[in-house]
Amino acid sequence: MTPLAHIVALPVRAYRLVASPWVGHGCRFQPTCSAYALEALERHGAAKGGWLMVRRVCRCHPWGGHGFDPVPGTEPRD
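In this text the structure is predicted, and so the values were computed from the model without any measurement.

A. Focus on the overall build of the protein. Tallying secondary structure elements over the protein gives two helices and two strands in all. When the elements of the protein are put in sequence order from the N terminus, they spell out α-β-α-β. At 12 Å, the protein has a C-alpha radius of gyration in line with the 12 Å of a compact globule built from 78 residues. The principal-axis extent of the C-alpha atoms belonging to the protein is close to 35 × 30 × 25 Å. Pairs at least 24 apart in sequence give 68% of the contacts found in the protein among residues at least 6 apart. Only carbon and sulfur atoms are counted for the fraction: they give 64% of the accessible area of the protein, which is about 5,400 Å². The positive charge centre, built from 9 side chains, and the negative charge centre, built from 5, are 8 Å apart in the protein.

Have a look at this one:
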């Protein structure tokens, strides 16, 4: 992960540490949005990974999608 991607990942890691235990486990997607964000930043860097992260969070609403939604460029898990 690039140094800039590490900086972009800090708010996501803070959310997972502080807020996620209080919010609960009601994520509509698999992997969760925070796991998706960290994987996108690791695989694609700060610019593209950040864009993928924002797109995913914007889809996370009651009228959005649900189910398995992997980071582009990853192999499906069996």
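Now that the structure has been shown, we can carry on.
B. Representation of the side chain of Asp69 within the structure. Relative to the helices and strands, Asp69 is located in the segment after β2 (67–68). For Asp69, the residues in contact, after removing those within four places along its chain, are Phe29, Gln30, Pro31, Tyr36, Arg56 and Arg59.

C. A look at the packing of aromatic side chains. Evaluation of the coordinates by the stated rule reveals zero aromatic pairs. The cationic tip of Arg56 hangs over the ring face of Tyr36; the distance from NZ or CZ to the ring centre is 4.4 Å. When the ring centre of Phe29 is taken as origin, the NZ or CZ atom of Arg59, which lies over that ring, is 5.8 Å away.

D. Focus on the nonpolar core. Counting residues in hydrophobic clusters, the biggest one holds eight residues: Ala5, Ala9, Val12, Ala37, Leu38, Leu41, Ala46 and Met53. Looking at this core, the element that brings in the most residues is helix α2 (residues 33–58), giving five residues.

E. Examining the pattern of salt bridges more closely. All chains considered together, the criterion is met by three salt bridges. Asp69 is the salt-bridge partner of Arg56, the closest N and O atoms lying 3.6 Å from each other. Taken together, the positions of Arg56 in helix α2 and Asp69 in the segment after β2 put the pair 13 residues apart, joining distant regions of the chain. Between Arg59 and Asp69 there is a salt bridge whose closest N-O contact spans 2.2 Å. With Arg59 in the loop between α2 and β2 and Asp69 in the segment after β2, the pair connects residues that are 10 residues apart, well separated along the chain.

F. Up close: the layout of surface pockets. One number sums up the size of the largest pocket: a volume of about 420 Å³. Lining the largest pocket are 16 residues, with Tyr15, Cys27, Thr32, Cys33 and Ser34 positioned closest to its centre. Contributions of two or more residues to the lining of the largest pocket are made by α1 (3–23) and α2. Taken together, the residues of the lining of the largest pocket sort by class into nine nonpolar, six polar and one charged.

Scoring rules and cut-offs
- Residues numbered from 1 in each chain as written.
- Predicted model: local features only at pLDDT ≥ 70, side-chain atom pairs only at ≥ 80, totals over all residues.
- Heavy atoms only, no water.
- Helix = DSSP H or I, 4+ residues; strand = E, 2+ residues; numbered from the N terminus.
- Rg over C-alpha atoms; globule rule 2.2 N^0.38 Å.
- Contact = heavy atoms within 4.5 Å.
- Areas by Shrake-Rupley, 256 points an atom, 1.4 Å probe, with all protein chains shown as cover.
- Lys, Arg positive; Asp, Glu negative; His and termini not counted.
- Charge placed at Lys NZ, Arg CZ, Asp CG, Glu CD.
- Phe/Tyr/Trp six-rings, centres within 6.5 Å; stacked < 30°, edge-to-face > 60°.
- Lys NZ or Arg CZ within 6 Å of the ring centre and 35° of its normal.
- Core = buried A, V, L, I, M, F, W, Y, C linked by side-chain atoms within 4.5 Å.
- Buried < 20%, exposed > 50% of the residue type's maximum accessible area, 1.4 Å probe, protein only.
- Salt bridge = Lys/Arg side-chain N within 4 Å of Asp/Glu carboxyl O.
- 1 Å grid on protein atoms, 1.4 Å probe; cavity = no way out; pocket = protein on both sides within 12 Å on 5 of 7 lines; lining within 4 Å.
- Points joined across faces, edges and corners; volume = space filled by probe spheres on them.
- Nonpolar A, V, L, I, M, F, W, Y, C, P; charged D, E, K, R; others polar.

Shape descriptors only; they carry no functional weight alone.
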